[in-house]
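Listed below are the residues making up each chain.
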Amino acid sequence: MTAPTIRSALPADEHAWRRLWRGYCDFYGASVSDTVSNRTWTRILDPDSAIMCIVAEVDGQVYGFANCVVHENTWETQAVCYLEDLFVEPSARGHGMGRALIEWLRNSMRAEGWARLYWMTHGNNQARRLYDEFSLADGFVRYVVKQA
Ligand SMILES: CC(C)(COP(=O)(O)OP(=O)(O)OC[C@H]1O[C@@H](n2cnc3c(N)ncnc32)[C@H](O)[C@@H]1OP(=O)(O)O)[C@@H](O)C(=O)NCCC(=O)NCCS
C-alpha cells in the first residue's frame, strides 16, 4: 500500500466518514444516536466549529480518520488540540495511517501555534505502542461524572 495522503475532511467524505464512525463506535461498543452522529458530521464541515476531522486516503479511498476539538485552555494563551477519535479500518491497519494522522496533527500544532496536542486512551489499548513514539503517557487518570 502506498503512503497515505492526509487532508481535512470534505463534504464528499460523508459516506466514508460514517462508515469509519460506525466502526469506531463498534470498537468501543458504543451506541451513538443518529442525532449525535449527524451533528458531529455537520460540525466537522462547519469552519466556525471547534470540531475538525482529517482523513487518511490512498488511491482515492479513505481508510482512516481523526476527529479533533481545538479549544481554549487555562494554562496557555494558545489553543490546544484534543484528538478525540482515531480510527483506521481493520483491513488497512499496520500501513502507517495511524502514525501519519498523528504526525499531520503534530505538524499542524506547529503551523497553527497550538500549545499542545493531547489524547487519552484505555490503559490496555495496544495502540499505545504507536502513541509511545510521540510522547510517553503522563500518568494522569480520567474521572467521568455522568448526568444520569
Ligand atoms: C490505533 C489505530 C488507529 C492505528 O492505526 P494503524 O494505521 O494500524 O497504525 P500504524 O500502521 O501507523 O501503526 C503504527 C505502529 O503501532 C503499532 N500498532 C498500532 N496499532 C496497534 C494495535 N492495535 N495493535 C498492535 N500494534 C499496533 C503497529 O505495530 C505499528 O508499528 P510498526 O510500524 O513498528 O509496525 C488502529 O489500530 C485502530 O483504529 N484501532 C482501533 C481503534 C482505536 O484503538 N483507536 C484509538 C483509540 S485511543
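How each quantity is defined
Residues numbered from 1 in each chain as written. Predicted model: local features only at pLDDT ≥ 70, side-chain atom pairs only at ≥ 80, totals over all residues. Heavy atoms only, no water. Helix = DSSP H or I, 4+ residues; strand = E, 2+ residues; numbered from the N terminus. Expected span 1.5 Å × (residues − 1). Contact = heavy atoms within 4.5 Å. Near = heavy atom within 4 Å. Polar contact = N/O pair within 3.5 Å; in protein donor to acceptor, adjacent residues only side chain to side chain. Areas by Shrake-Rupley, 256 points an atom, 1.4 Å probe, with all protein chains shown as cover. Phe/Tyr/Trp six-rings, centres within 6.5 Å; stacked < 30°, edge-to-face > 60°.

What should I look at first to understand helix 1 (residues 14–27) in this one?
One turn of the α-helix equals 3.6 residues, which is why residues spaced by three or four share an orientation. The terminal C-alpha atoms of helix 1, which comprises 14 residues, lie 20 Å apart, in line with the 20 Å expected from a rise of 1.5 Å per residue. Taken together, the buried residues of helix 1 touch helix 2 (34–45), strand 2 (51–58), strand 3 (61–71) and strand 4 (80–88). Count one or two residues on from helix 1 and you reach Gly29, which has phi positive near 60°.

Would you mind showing me how to read the site of the ligand here?
Surveying the vicinity of the ligand reveals 20 residues, the closest of which are Leu86, Gly94, Gly96, Gly98 and Arg99. Residue Gly94 places a main-chain N or O atom 2.8 Å away from an oxygen atom belonging to the ligand. One of the backbone nitrogen or oxygen atoms of His95 is found 3.2 Å away from an oxygen atom of the ligand. In isolation the ligand offers 880 Å² of accessible surface; the protein chains occlude 79% of this area.

In this structure, what is going on with the packing of aromatic side chains? I would like to understand it.
Counting across every chain of the model gives twelve aromatic pairs. Between Trp119 and Tyr131 the ring centres are 5.3 Å apart and the planes differ by 70°, which places this aromatic pair in the edge-to-face class. Remark: Tyr131 occurs in helix 4 (residues 128–131) and Trp119 occurs in the loop between strand 5 (117–118) and helix 4; sequence separation between them is twelve residues. Chaining the aromatic ring pairs together yields one cluster made of Trp17, Trp21, Tyr24, Phe27, Tyr28, Trp41, Phe65 and Phe87.

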